[in-house]
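# Examining the three-dimensional arrangement
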Amino acid sequence: MNEQATQLVAAARDASKNAHAPYSRFAVGAAVLLDDGMVITGANFENASYGLSLCAETVAIATASAAGRLRDIVAIGVIGGAMDADGRATGTSPVSPCGRCRQVINEAAQMGGRDLPVHCGAAEGDAIRTYVVSELLPDAFGPADLGIS
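Below, the structure is looked at part by part.

Each value, and the rule that gives it
- Residues numbered from 1 in each chain as written.
- Predicted model: local features only at pLDDT ≥ 70, side-chain atom pairs only at ≥ 80, totals over all residues.
- Heavy atoms only, no water.
- Helix = DSSP H or I, 4+ residues; strand = E, 2+ residues; numbered from the N terminus.
- Buried < 20%, exposed > 50% of the residue type's maximum accessible area, 1.4 Å probe, protein only.
- Lys, Arg positive; Asp, Glu negative; His and termini not counted.
- Salt bridge = Lys/Arg side-chain N within 4 Å of Asp/Glu carboxyl O.
- Polar contact = N/O pair within 3.5 Å; in protein donor to acceptor, adjacent residues only side chain to side chain.
- Contact = heavy atoms within 4.5 Å.
- Phe/Tyr/Trp six-rings, centres within 6.5 Å; stacked < 30°, edge-to-face > 60°.
- 1 Å grid on protein atoms, 1.4 Å probe; cavity = no way out; pocket = protein on both sides within 12 Å on 5 of 7 lines; lining within 4 Å.
- Points joined across faces, edges and corners; volume = space filled by probe spheres on them.

## Focus: the side chain of E46
Note that E46 resides in the loop between strand 2 (39–43) and helix 2 (56–66). No salt bridge is formed by the buried E46. Its closest oppositely charged neighbour is R25, at 8.1 Å. Separated by 3.0 Å, the side chain of E46 and the backbone nitrogen of Y23 make a polar contact. Within the local environment of E46, its side chain forms a polar contact with the side chain of S24, the two groups lying 2.3 Å apart. Setting aside its immediate chain neighbours within four residues, E46 contacts H20, A21, P22, Y23, S24, F26 and S53.

Right, dumping it as structure tokens:
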């Protein structure tokens, strides 16, 4: 198994413990790897006004961007699963980013000039599927389409 994938999925799994998901009861954690080895994590944050909820991947990428590090993202890991009675994510099937998150990941990928690897892991066990963002969102619209690089 790829060491980068294992590291990021473990960090995402740890981040999922901080999910605020009282409505869906589906905890998600994400971890982004920066070019200097730093890892930034995020967890989903739901809101009673459902449309205002934030996905874990978006939280992690926005945190990197707020630190001036959007272009430095080199990989991302994500896990998710139904929450147990203790609030931990469960499940042995890898979870992949939603469509909105794929678009946000694509933004980071294009701004950094990389086809980012996205390591999709299971909440429990060692199942990981790795894609590049162009596989998850083929023919994506992004900064390049607006003449921005």
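There is more to say, and it comes next.
## Some thoughts on the packing of aromatic side chains
For the coordinates displayed, the defined rule picks out one aromatic pair. Between Y23 and Y50, the ring centres sit 5.7 Å apart and the planes meet at 70°, which makes this aromatic pair edge-to-face. Taken together, the positions of Y23 in the loop between helix 1 (3–15) and strand 1 (26–34) and Y50 in the loop between strand 2 and helix 2 put the pair 27 residues apart, joining distant regions of the chain.

## Looking at the environment of V9
Of note, V9 is situated in helix 1. Judged by its relative accessible area of 2%, V9 falls in the buried class. In this structure, the C-alpha to C-alpha distance between V9 and D72, residues 63 residues apart in sequence, is 19 Å. V9 has contacts with I79, H119, G121 and I128, leaving out every residue within four places of it along the chain.

## With respect to the layout of surface pockets
Taken as a whole, the largest pocket holds about 200 Å³ of empty space. Along its surface, the largest pocket is lined by 16 residues, and V28, N44, C55, E57 and C98 are the ones closest to its centre.

## Focus on the side chain of N106
Of note, N106 is situated in helix 3 (residues 99–112). When near neighbours in sequence (up to four residues on either side) are disregarded, N106 contacts V133, L137, A140, F141 and G142.

## Comments concerning the environment of V104
Within the secondary structure, V104 is located in helix 3. We classify V104 as partly exposed; its relative accessible area is 23%. Considering only alpha carbons, one finds V104 and G77, 27 residues apart in sequence, at a separation of 14 Å. Not counting residues up to four positions away in its chain, the partners in contact with V104 are T58 and I61.

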